[in-house]
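Take a look at the letters that make up each chain.
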Amino acid sequence: MQVDFYRHDLLPSAAASVAEVIATPFLTSGAVGRRVEAQLADYFGAKHALLVGSWTSGALATLLALDVGRGDEVIVPAMTFIATANMPELLGARAVFVDVDRDTLLTTPELIARTVTPRTKAVIPVHMYGQMLDVSALRAALADRPDIAIIEDCAHCFEGELAGQKPGAHSSAAIFSFYATKNVTCGEGGAIITNDTALYERIVQTRMHGMSAGAIDRFKHGGYRHWDMERLGVKANLPDLLAALLPAQISTIDERLPQREEIASRYERAFADLPLRLPRTLTNGKHARHLFTIHVPPRIRDEVLGVLGSRKIGCTVNYRSIPTLSYYRDNYNYDPYGFPVSQEWGEGTVTLPLYPSLERTAQDYVIDVIRTDVVPMVEAEMRASHAEAAR
Ligand SMILES: Cc1ncc(COP(=O)(O)O)c(C=O)c1O
């Protein structure tokens, strides 16, 4: 049996939505995107939403709008996708890493607050795998530094909530990804939400080369309109061709979450008595169930990936600790043991298939391969390491 790592849930009607855009004169950002932005602002209860070409380009536009640059520090978890650290780094700021909690793999307000220096300009906490970090507690922990911007990395967390609150309520901005494997996807894309109108107006510019507001409409109304460039920006807009894939997914996303929850809970129940580690699920939150990860002893992780591959089960690694990757290790000389939880989890983690259309027979197959092929490997490794320790 072949089990894909991911399958999107786009409905056949998505093709009709794209065809409608093709029938218009301009394929780039326009009326469709504006409607999706209004839909997103409404979904999250945010004042403003902006569509962007990806999480990555949205983060770049946001950091540019916050004037993050040379000499600044931006705090990011060591355990995340590299984009979170790369965007401050690209602007000449320093990505300063913090470790994560051993049980939840979320970084904590305490760890972040301890890492703040006079140079800290922003912090990018990550709602890892779909669970929310407590952003209001983070804001409170940074109470003496209201100048520090909090930018939530919501690439995994569209549907997630903590204590009844969605992302964006306590931060400067929250950024989402609509990349090919995300719970809401248009292949490549993303969105920023913010309640800060001044920041929103700056991002409108940094999302479009820094052109003055309204540049997106410069071909409208017949006559050409001049624009000015008021600040440095990038091209981070999302074309309507892709935006057209989003409205139907956004309006039904909460209907699909119970299917993700059911599969994740089945995995959790099936693995509960096995010698595997799983991240702890928070009891006061709604988990977006973006990724389902298990942890096996680091020495056999790559072998486990090989076995799952040979059984035709799509799997991946989310993530290896960023300070252990060559670029950051070589440029900053990081101590590989400086972020022990991220390092240990990053060396042992394996992500299993999880998406609403994953059939029950495929779920059973994944569970069976873990029980019959992976667990004996884990047990043998545990026996070997106990024997080594006893010697
Ligand atoms: C935690 C995290 N942050 C940022 C990104 C970057 O998203 P994008 O591919 O939309 O730029 C990803 C993408 O996988 C991610 O998982």
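Preceding this section is the structure that the text describes.
Since the model is a prediction, treat every value here as computed from it, not as a measurement.

Turning next to the site of the ligand. Taken together, 16 residues lie around the ligand, and Thr56, Asp153, Ser177, Lys182 and Tyr319 are the ones closest in. Separating an oxygen atom of the ligand from a side-chain N or O atom of histidine 156 is a distance of 2.9 Å. Burial of the ligand by the surrounding chains reaches 92%, relative to a free accessible area of 390 Å². Among the secondary structure elements, those contributing two or more residues to the shell around the ligand are α3 (55-65) and α4 (83-90). Of the residues that constitute the shell around the ligand, the class distribution is seven nonpolar, seven polar and two charged.

Turning our attention to the pairing of strand β2 (residues 73-77). Here β2 lies mainly inside the structure; five of its five residues are buried. In β2, alternate side chains face the same way, and those of Glu73, Ile75 and Pro77 on one face and Val74 and Val76 on the other are all buried. As for the winding sense of the linkage, the β-α-β connection from β2 through α4 to strand β3 (residues 94-98) is right-handed. Relative to strand β4 (residues 120-123), β2 runs parallel, the two being bridged by three bridges. Of the residues in β4, the one forming a bridge with valine 74 is alanine 122.

Moving on to the environment of threonine 62. Assignment of secondary structure puts threonine 62 in helix α3. Sequence separation between threonine 62 and valine 204 is 142 residues, and the spatial gap between their C-alpha atoms is 9.5 Å. Threonine 62 has contacts with Ile151, Ala173, Ile175, Ile192 and Ile203, leaving out every residue within four places of it along the chain.

With respect to the helices and strands, the residue glycine 71 is situated in the loop between α3 and β2. For the pair glycine 71 and lysine 121, spaced 50 residues apart in sequence, the C-alpha to C-alpha distance is 9.5 Å. Look past the residues within four positions of glycine 71 in its chain and what remains in contact with it is Gly92 and Arg119.

Moving on to the pairing of strand β1 (residues 48-52). Look at any regular strand and the pattern is simple: side chains alternate between the two faces of the sheet. Taken across its five residues, β1 has five buried, putting it largely inside the fold. Residues His48, Leu50 and Val52 line one face of β1 and the alternating positions Ala49 and Leu51 line the opposite face, and both faces are buried. As judged from the five bridges shared by β1 and strand β8 (residues 190-194), these two strands associate in the antiparallel manner. Each residue of the ladder has a partner; that of valine 52, found in β8, is glycine 190.

On to the packing of aromatic side chains, then. The full count for this structure, using the stated rule, is 18 aromatic pairs. Ring centres 5.4 Å apart and planes at 90° place the aromatic pair phenylalanine 97 and tyrosine 328 in the edge-to-face group. In this pair, phenylalanine 97 is assigned in strand β3 and tyrosine 328 in helix α11 (residues 326-332), connecting sequence segments 231 residues apart. Classification of phenylalanine 97 as buried rests on a relative accessible area of 4%. On the accessibility criterion, tyrosine 328 (2% relative accessible area) is buried. Note on tyrosine 267 and phenylalanine 292: the rings are 4.9 Å apart at their centroids and 55° apart in plane angle, and the pair reads as tilted. Taken as a pair, tyrosine 267 in helix α9 (residues 247-271) and phenylalanine 292 in strand β10 (residues 292-295) lie far apart in primary sequence, 25 residues in all. Phenylalanine 292 shares its class with tyrosine 267; the two are buried. An aromatic cluster of at least three residues, connected via ring pairs, comprises Phe97, Tyr327, Tyr328, Tyr332, Tyr334 and Phe339.

Calculation rules
Residues numbered from 1 in each chain as written. Predicted model: local features only at pLDDT ≥ 70, side-chain atom pairs only at ≥ 80, totals over all residues. Heavy atoms only, no water. Near = heavy atom within 4 Å. Polar contact = N/O pair within 3.5 Å; in protein donor to acceptor, adjacent residues only side chain to side chain. Areas by Shrake-Rupley, 256 points an atom, 1.4 Å probe, with all protein chains shown as cover. Helix = DSSP H or I, 4+ residues; strand = E, 2+ residues; numbered from the N terminus. Nonpolar A, V, L, I, M, F, W, Y, C, P; charged D, E, K, R; others polar. Buried < 20%, exposed > 50% of the residue type's maximum accessible area, 1.4 Å probe, protein only. Right-handed = clockwise from strand over helix to strand, strands pointing away. Pairing = 2+ DSSP bridges. Contact = heavy atoms within 4.5 Å. Phe/Tyr/Trp six-rings, centres within 6.5 Å; stacked < 30°, edge-to-face > 60°.

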